[in-house]
Amino acid sequence: MSKSNSGSINDKIFKGLGITATVSCLLILVVFLGFILVQGLERLSWEFLMSLPSRFAEDAGIYTAWIGTLWIFIITALVSFPLGVGAGIYLQEYGKDSKLNKLLEINIANLAGVPSVIYGLLGLEVFVRIMQMGNSILAGALTLSLLILPVIIVATREAIRAVPSSVKDASYALGASKWQTIWKQVLPASFGGILTGVILALSRAVGETAPLVVIGALVYVPFVPQGPLDEFTVLPIQIFNWVTRPQHEFIVNAAAAIIVLLLITFVMNGIAVYLRNRWQKRINW
Amino acid sequence: MKTPKATHVKTEPKEVSKDKSYKLEAKNIDVFYGDFQAIDNISLNIAANSVTAFIGPSGCGKSTLLRLFNRMNDYIEGFGMNGQILLDGKNIYDESVKVEELRKKVGMVFQKPNPFPKSIFENVAYGLRIQGIKDKEFIEERVVESLKNATLFNEIDGNMDKQALALSGGQQQRLCIARALAVKPSIILMDEPTSALDPISSGKIEDLIDELKEKYTIVIVTHNMQQAGRVSDNTAFLYMGRLIEYGDTQKIFTNPEKDRTQNYITGRFG
């Protein structure tokens with residue numbers, strides 16, 4: 001009797017602790033969001049979005065920054081999607097238990113844990129200096145692609161692993177080749193998971209600052225980049241720059257830019273969740 | 001770890017079977033998974049348009065033997081074999097044989113119904129589409145014909161756009177049979193096709209097997225002794241990777257030669 005009683009008390013205590021933990025996490029987020037919104041919302045306007053940077057806070061806008069972020073996003077997606085998904089398919093479907101593959105797998109897992117500044121240094125040496133791309137959008141996008149490739153590869157492998165082998169067997173037994181089985185069964189069935197991983201990885205790339213600072217993305221870009229070889233800035237760097245200014249008006253600008261950046265990442269995460277749910281509903285093993 | 005390669009014995013011209021009445025011939029088959037020997041020197045012949053049942057306790061090698069006929073063991077890590085499997089007198093493990101072509105002739109139905117997460121139509125059309133067939137009328141004709149032959153067409157009222165996963169288990173299994181039929185194989189391998197189904201659905205599959213043997217050679221692995229008795233013409237009893245007894249189903253079930261067969265069939269072990 002007393003034993004079951006103490007069990008239920010423990011249960012209640014644990015439940016209380018769990019709720020406290022959850023609420024305090026959310027509370028921090030809410031306070032943070034509220035703080036940002038109160039500071040930045042009134043600064044947010046069409047003009048703010050479409051203005052070039054300026055040393056006068058009231059004239060400054062984030063036009064070059066969000067265009068730069070868009071460029072970085074698109075090129076990073078174009079580079080990292082085929083490479084990451086391709087590598088994931090190879091490792092999961094073709095890679096045998098050879099020593100080389102084991103080595104590759106361990107390395108990919110390790111790469112996912114390397115701090116992003118280190119990727120910036122790698123990008124600075126390889127893309128900016130050796131390949132002489134300069135501190136261009138291309139160099140930045142390639143650096144960020146490196147950064148998120150391990151995440152995409154791991155997500156692709158997980159998604160492919162979730163496809164039941166019975167479906168693959170059925171395909172093989174009907175005379176399908178390995179490639180046909182992957183292309184017509186495995187990829188369609190795992191595409192929701194793959195896409196979710198890719199979008200989450202990209203939304204991380206969009207928020208990255210450190211590696212781009214290292215490769216020399218500019219803090220003050222008075223023009224809109226016309227091509228991938230132009231110099232650029234991105235939203236996080238613009239925010240970082242404004243936050244470091246002593247004038248209060250720039251802090252307000254930063255808050256407004258943070259709202260835009262958060263909006264972009266929230267929308268992307270929302271799309272990822274939507275895609276995951278859509279594909280899961282369609283396929284019910 | 002290195003994957004041991006399957007030993008493919010080359011067919012010499014003189015070894016081509018003279019007795020054309022056998023559809024499938026297994027000659028001195030050994031199968032290894034790594035160090036484990038799953039099949040030990042099995043030879044047996046399977047006549048065309050017959051139903052052959054493989055019975056035996058779990059792990060006796062009956063599924064392994066079945067999957068040799070369409071080379072589904074090839075993907076298993078550590079798989080290796082000796083001996084020959086002849087289909088219409090030709091060794092299917094010969095290097096010149098393309099495994100994709102072989103599987104168009106030897107269809108397979110699995111233990112658990114495994115339809116693709118697509119419509120009924122697309123499930124049955126899949127085998128044709130991967131062959132590169134684009135003719136829409138031809139595909140539709142073949143799909144309808146296959147669904148009818150698998151006695152599913154009337155049950156779904158011809159509604160082939162329905163999702164395959166929305167069908168009942170028994171219907172799914174008949175869809176899998178229809179899918180195999182659409183490629184026009186001459187042999188159908190069935191690996192415990194009714195073990196996941198209720199008795200009524202199982203009965204329908206058994207009736208279907210009876211009909212199909214007019215046109216196809218069927219090899220079925222089953223745990224259900226009564227089922228083997230009902231549907232098969234010949235029965236092979238396997239135990240610990242060896243073929244203990246093989247012959248007419250009636251004889252195996254009423255008057256087996258070996259004690260071990262007798263014991264298994266009467267339920268004294270297994």
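Residues numbered from 1 in each chain as written. Chains lettered and ligands numbered in written order. Predicted model: local features only at pLDDT ≥ 70, side-chain atom pairs only at ≥ 80, totals over all residues.

A. Fine view of the overall build of chain B. When helices and strands are tallied, chain B shows nine helices and ten strands. In summary, chain B has a C-alpha radius of gyration of 19 Å against a globular reference of 18 Å for 270 residues, a match within 12%. Dimensions of chain B along its principal axes, counting C-alpha atoms only, are 50 × 45 × 40 Å. Put simply, chain B has 270 residues, and 46% of those count as buried. Once local pairs closer than 6 in sequence are excluded, the contacts in chain B between residues at least 24 apart make up 70%. (Helix = DSSP H or I, 4+ residues; strand = E, 2+ residues; numbered from the N terminus. Rg over C-alpha atoms; globule rule 2.2 N^0.38 Å. Buried ≥ 20, exposed ≤ 12 C-beta atoms within 10 Å, placed from the backbone. Contact = placed C-beta atoms within 7 Å.)

B. Region of the structure containing the overall build of chain A. Across its full length, chain A holds eleven helices and zero strands. Seen in sequence order, chain A has helices and strands lined up from the N terminus as α-α-α-α-α-α-α-α-α-α-α. The principal-axis extents of the C-alpha atoms in chain A amount to approximately 70 × 65 × 35 Å. Counting all 285 residues of chain A, 36% fall into the buried class. Counting only contacts in chain A whose residues sit at least 6 apart along the sequence, the fraction spanning at least 24 positions is 76%.

C. Region of the structure containing the packing of helix 5 (residues 116–130) of chain A against helix 6 (residues 137–161) of chain A. Residues and elements named next belong to chain A. Look at helix 5 against helix 6: their axes get within 9 Å of each other, and the N-to-C directions meet at 135°. In this view, helix 5 runs oblique relative to helix 6, as classed from their interaxial angle. For the pair helix 5 and helix 6, the sense of crossing is right-handed. Across the interface between the two elements, Ser 116, Tyr 119, Gly 120, Leu 122, Gly 123, Phe 127 and Val 128 from helix 5 touch Ala 139, Leu 142, Thr 143, Leu 146 and Leu 147 from helix 6. (Axes fitted to C-alpha atoms, helices over the stretch in contact; angles between N-to-C directions. Parallel < 35°, antiparallel > 145°, perpendicular 65-115°, else oblique. Left-handed = near helix turned anticlockwise from the far one by under 90°.)

D. Fine view of the nonpolar core. Counting residues in each nonpolar core, the largest one holds 80 residues, and the members touching the most others are Phe69(B), Ala178(B), Ile188(B), Leu189(B), Ile218(B) and Ile220(B). Ignoring any residue separated from it by four or fewer positions in sequence, one finds Leu189(B) in contact with Leu66(B), Phe69(B), Asn70(B), Val106(B), Gly107(B), Met108(B) and Val219(B). Counting residues in each nonpolar core, the second largest holds 60 residues, with Ala139(A), Leu200(A), Ile215(A) and Ala255(A) among its members. (Core = buried A, V, L, I, M, F, W, Y, C linked by C-beta atoms within 7 Å.)

E. Expanded view of the sheet that holds strand 8 (residues 217–221) of chain B. Residue and element names in this part refer to chain B. Across the sheet, six strands lie side by side as 6-7-8-3-9-10; this open sheet has mixed pairing. Each edge of the open sheet is held by one strand with a lone partner, namely strand 6 (106–109) and strand 10 (242–248). Strand-to-strand twist in this sheet, taken as the mean axis angle between neighbours without regard to direction, amounts to 15°. Two strands pair when backbone bridges link them, and strand 7 (residues 187–191) and strand 8 are joined in this way by five bridges, in the parallel orientation. When the bridges of strand 8 are listed, Leu 189 appears paired with Val 219. (Pairing = 2+ DSSP bridges.)

F. Fine view of the confidence of the model for chain B. Residue and element names in this part refer to chain B. Summing up the model confidence of chain B, the mean pLDDT is 89 and the portion of residues at 70 or higher is 92%. Below pLDDT 50 for its whole length, residues 1–7 participates in 13 contacts with residues either more than four positions away or in separate chains. Confidence drops under pLDDT 50 across residues 9–19; counting only partners more than four residues distant or on other chains, this segment forms 14 contacts. Overall fold confidence (pTM) sits at 0.81, and the ipTM for the predicted complex is 0.87. (pLDDT = per-residue confidence, 0-100.)

G. Seen up close, the interface of chain A and chain B. In this complex, chain A contributes 18 residues to the contact, which on the side of chain B involves 20 residues. Top contributing element to the side of chain A that touches chain B by residue count: helix 7 (residues 165–173) of chain A, with six residues. Here the side of chain A that touches chain B is built from residues that sort into eight nonpolar, six polar and four charged. (Nonpolar A, V, L, I, M, F, W, Y, C, P; charged D, E, K, R; others polar.)

H. Spotlight on the pairing of strand 8 of chain B. Residues and elements named next belong to chain B. Taken across its five residues, strand 8 has five buried, putting it largely inside the fold. Every second residue of strand 8 is oriented toward a common face, with Thr 217, Val 219 and Val 221 on one face and Ile 218 and Ile 220 on the other, all of them buried. Viewed along the sheet, the connection from strand 7 through helix 6 (residues 199–212) into strand 8 turns out right-handed. (Right-handed = clockwise from strand over helix to strand, strands pointing away.)

I. Quick look at unusual backbone geometry. All names here are of chain B. Unlike most non-glycine residues, Asn 28 shows phi in positive territory, near 45°. For Asn 28, the location among the structural elements is in strand 1 (residues 22–33). In this structure, Asn 41 takes a positive phi of about 50° despite not being glycine. Among the secondary structure elements, Asn 41 is positioned in strand 2 (residues 36–47).

J. Region of interest: the sheet that holds strand 4 (residues 79–87) of chain B. Residue and element names in this part refer to chain B. If you trace the four strands from one edge of the open sheet to the other, you get 2-1-4-5, paired in antiparallel fashion. Looking at which strands have only one partner, the edges of the open sheet turn out to be strand 2 and strand 5 (90–91). Direction of pairing for strand 1 relative to strand 4: antiparallel, over a ladder of eight bridges. Pairing of Ala 26 across the sheet is with Ile 85, part of strand 4.

K. Highlighting the environment of Ile215(A). Summarising the element assignment, Ile215(A) is placed in helix 9 (residues 210–215). In contact with Ile215(A), not counting residues within four places along its chain, are Gly120(A), Gly123(A), Leu124(A), Val128(A), Asn135(A), Ala139(A), Gly140(A) and Thr143(A).

L. Region of the structure containing helix 8 (residues 178–207) of chain A. The end-to-end C-alpha distance of helix 8 of chain A, which contains 30 residues, comes to just 38 Å, noticeably less than the 44 Å that a straight helix rising 1.5 Å per residue would cover. At Phe191(A), helix 8 of chain A shows its strongest bend, of approximately 55°. (Expected span 1.5 Å × (residues − 1). Bend = angle between axes of the 7 residues up to and from the residue.)

M. Representation of helix 5 (residues 169–181) of chain B within the structure. Residue and element names in this part refer to chain B. The end-to-end C-alpha distance of helix 5 is 18 Å, a good match for the 18 Å that 13 residues give at a rise of 1.5 Å each. For helix 5, the buried fraction is high: twelve of the 13 residues fall into the buried class. Of the surrounding secondary structure, the elements contacted by the buried residues of helix 5 are strand 6, helix 3 (120–129), helix 4 (136–149), strand 7 and helix 6.

N. How the structure looks around the environment of Phe253(B). Position of Phe253(B) relative to the elements: it lies in helix 8 (residues 249–254). Sequence separation between Phe253(B) and Gly229(B) is 24 residues, and the spatial gap between their C-alpha atoms is 7.2 Å.

O. Seen up close, the pairing of strand 7 of chain B. Residues and elements named next belong to chain B. Buried residues dominate strand 7, accounting for five of its five residues. Alternating residues of strand 7 divide into Ile 187, Leu 189 and Asp 191 and Ile 188 and Met 190, and every residue in both groups is buried. Pairing analysis gives four bridges linking strand 6 to strand 7, with the strands arranged parallel. Paired with Gly 107 across the bridge in strand 7 is Ile 188.

P. Seen up close, the packing of helix 7 of chain A against helix 8 of chain A. All names here are of chain A. Direction vectors running N to C along helix 7 and helix 8 enclose 160°, while the axes themselves pass 10 Å from each other. Considering their axes alone, helix 7 and helix 8 lie roughly antiparallel with respect to each other. The handedness of the crossing between helix 7 and helix 8 comes out as right-handed. Seen from helix 7, the contacting residues are Val 167, Lys 168, Ser 171 and Tyr 172; seen from helix 8, they are Thr 181, Gln 185, Val 186 and Ala 189. A per-class count over the contact of helix 7 with helix 8 returns four nonpolar, three polar and one charged.

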